[in-house]
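Each chain, letter by letter, is given below.
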Amino acid sequence: VWTVGESENLSTSYSHITQAAQLLQENEVVAFPTETVYGLGANAFSDDAVQKIFLAKGRPSDNPLIVHIASKDKLNEIVKDIPDYVYKLVDAFWPGPLTFILPKKGELLSTYVTAGLETVGVRMPNHPIALELIKEANVPIAAPSANRSGKPSPTLASHVYHDLNGKISGLVDGGPTGVGVESTVLDCTTTIPTILRPGGITKEQIEFIVGEVKVDKALIEEGHAPKSPGMKYTHYSPNAPVILVEGSEEFLQKQINQFMQQGKKVGLLTTIEGLTKYKADKVITCGSRADLESVAAQLYDVLRKFDEEDVDLIVSESFPQFGVGEAIMNRLLKAAGNHVIVEN
Ligand code: TXA
Ligand code: MG
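Everything numeric in this text was worked out from a predicted model, so none of it was measured.

This part covers the nonpolar core. Ranked by size, the top nonpolar core spans 63 residues in total, and within it L40, L75, V86, W94, L98, F100 and L186 carry the most contacts. Per element, the largest residue contribution to this core is six residues, and it comes from helix 5 (residues 128-137). Not counting chain neighbours up to four residues away, the residues in contact with L98 comprise L89, F93, V122, R123, S183, T184, L186, I201 and I206. Formed by 27 residues, the second largest nonpolar core is a distinct cluster that contains V181, Y300, F306 and I328.

The next subject is the site of ligand 1. The full set close to ligand 1 counts 26 residues, and T36, N63, H68, S183 and G230 are the nearest of them. In this structure, R123 approaches ligand 1 through a side-chain N or O atom, which is 3.0 Å from an oxygen atom. Take S145: an N or O atom from its side chain is 3.1 Å from an oxygen atom of ligand 1. For ligand 1, whose free accessible area comes to 680 Å², the fraction covered by protein is 97%. Broken down by element, the shell around ligand 1 gets its largest block of residues, three residues, from strand 5 (residues 119-123). Among the residues making up the shell around ligand 1, the classes are represented as twelve nonpolar, nine polar and five charged.

This part covers unusual backbone geometry. Peptide bonds are mostly trans, and most non-glycine residues show a negative phi. Residue P95 is bonded to the preceding W94 through a cis peptide linkage, with omega at -5 degrees. You can see P95 is positioned in the loop between helix 4 (84-93) and strand 4 (98-103). With a phi close to 50 degrees, A115 is a non-glycine residue in the positive phi region. Mapped onto the fold, A115 is located in the loop between strand 4 and strand 5. With relative accessibility at 26%, the residue A115 sits in the partly exposed group. Non-glycine residue N338 carries a positive phi angle of around 65 degrees. Counting through the fold element by element, N338 comes out in the loop between helix 11 (325-335) and strand 15 (340-342).

The rules behind these values
Sequence positions are assigned chain by chain, starting from 1 and proceeding in written order. Each chain gets a letter, beginning with A, and each ligand a number, beginning with 1, in the order they are written. Given that this is a predicted model, residues contribute local features only at a pLDDT of at least 70 and side-chain atom pairs are listed and counted only at 80 or more, while totals for whole chains, interfaces and linings are drawn from all residues. Hydrogens and water molecules were not included; the side-chain quantities draw on all heavy atoms of the structure. Take the buried residues of types Ala, Val, Leu, Ile, Met, Phe, Trp, Tyr and Cys, join any two whose side-chain atoms come within 4.5 Å, and each joined set is a nonpolar core. A 1.4 Å probe rolled over the protein chains alone gives each residue an accessible area, and that area as a share of the maximum for its type sets the label: buried under 20%, exposed over 50%, partly exposed in between. The helix and strand labels rest on DSSP assignments: H or I over at least four residues marks a helix, E over at least two residues marks a strand, and numbering proceeds from the N terminus. Here, residues are in contact when the closest pair of their heavy atoms is within 4.5 Å. Any residue with at least one heavy atom within 4 Å of a molecule or strand is counted as near it. Throughout this description, a polar contact denotes any pair of N or O atoms lying within 3.5 Å of each other; where both atoms belong to protein, one of them has to be capable of donating a hydrogen while the other can accept it, and for residues adjacent in sequence the pair is counted only when both atoms sit in side chains. Using a 1.4 Å probe, the Shrake-Rupley method yields the accessible areas, and only the shown protein chains count as cover for residues. Any residue that is not Ala, Val, Leu, Ile, Met, Phe, Trp, Tyr, Cys, Pro, Asp, Glu, Lys or Arg is counted as polar, Gly included; the first ten are nonpolar and the last four charged.

Any functional reading would require information beyond the geometric quantities listed.
Next up, the structure:
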């Protein structure tokens, strides 16, 4: 661990994890890598510790946190009324990017974790540093993504440093996170599970294990209140406004040209395939269209890179909405505040 603001040394060793675990036991907040994004962790049993998360992030207090555990058998210590299909999904996908929403059990969890709700999100992350840290801290760890509220989630330690330097007690650097988008949030309080937030485990993967899966109406149509409180807030936003474009290559270039003719400096978010196809003031590539996992892995870093460029707006290509493309488009739509230009 390096205490933010004190050291430039980004190395990680197991002694750093022990130091970080100690800080967690002292009810301090520490950022750590998971396979999805960096999390900002605190002792989920302590009001004092959990409040520090909300303070550091500037997070609205009505947005509940996910509780992270380091072994599957801790699940039934935190939640109750667990349907059989959850056990099947645990076997298939844990440790991994899938969060279960279930009725909380007992009185141990801080009420700040659940934002007063009777349900709680639980997940076992698939990252050696996260698992070791939680194990050594010996308490469940409440952790949202370790970004300032409203900004893209951090997929590198430097992103966390940029957003939270001076506001947290420690940061364990584990290099780039991997999946790059957050876990899938699955409401399991009903007979048929419902996806509240698309993420690292796809709808198709869940269907393969449990059969039918629903998708929260708020994710599909406008005018429905999301069941996941976090989905109603502005998210993943770079400084410049984002506009998503759906259509042919010619249509996309035409949109860029129109903005440039208005005197705007246009940044383009495309993939390696688009590099030679389009002209804009600043072109940044995000993975390969042939491999949507690579797009997910780089998405937040690319959104953050535009903040270092002097652009007036960011035009983004669209992606197919299946597999992890579902999560990519969900995040891009939020970054764009639902501003989409569609070719007729
Ligand atoms: O991959 C991830 O899930 C990362 C890493 C750090 O584990 N964490 C993460 O946490 O993305 P956060 O706080 O940024 O997003 C949690 C989402 C929010 O949309 C929140 O509203 C929802 O989960 N959520 C948490 N508890 C809930 C509950 N009881 N009912 C419905 N939604 C809930
Ligand atoms: Mg977040």
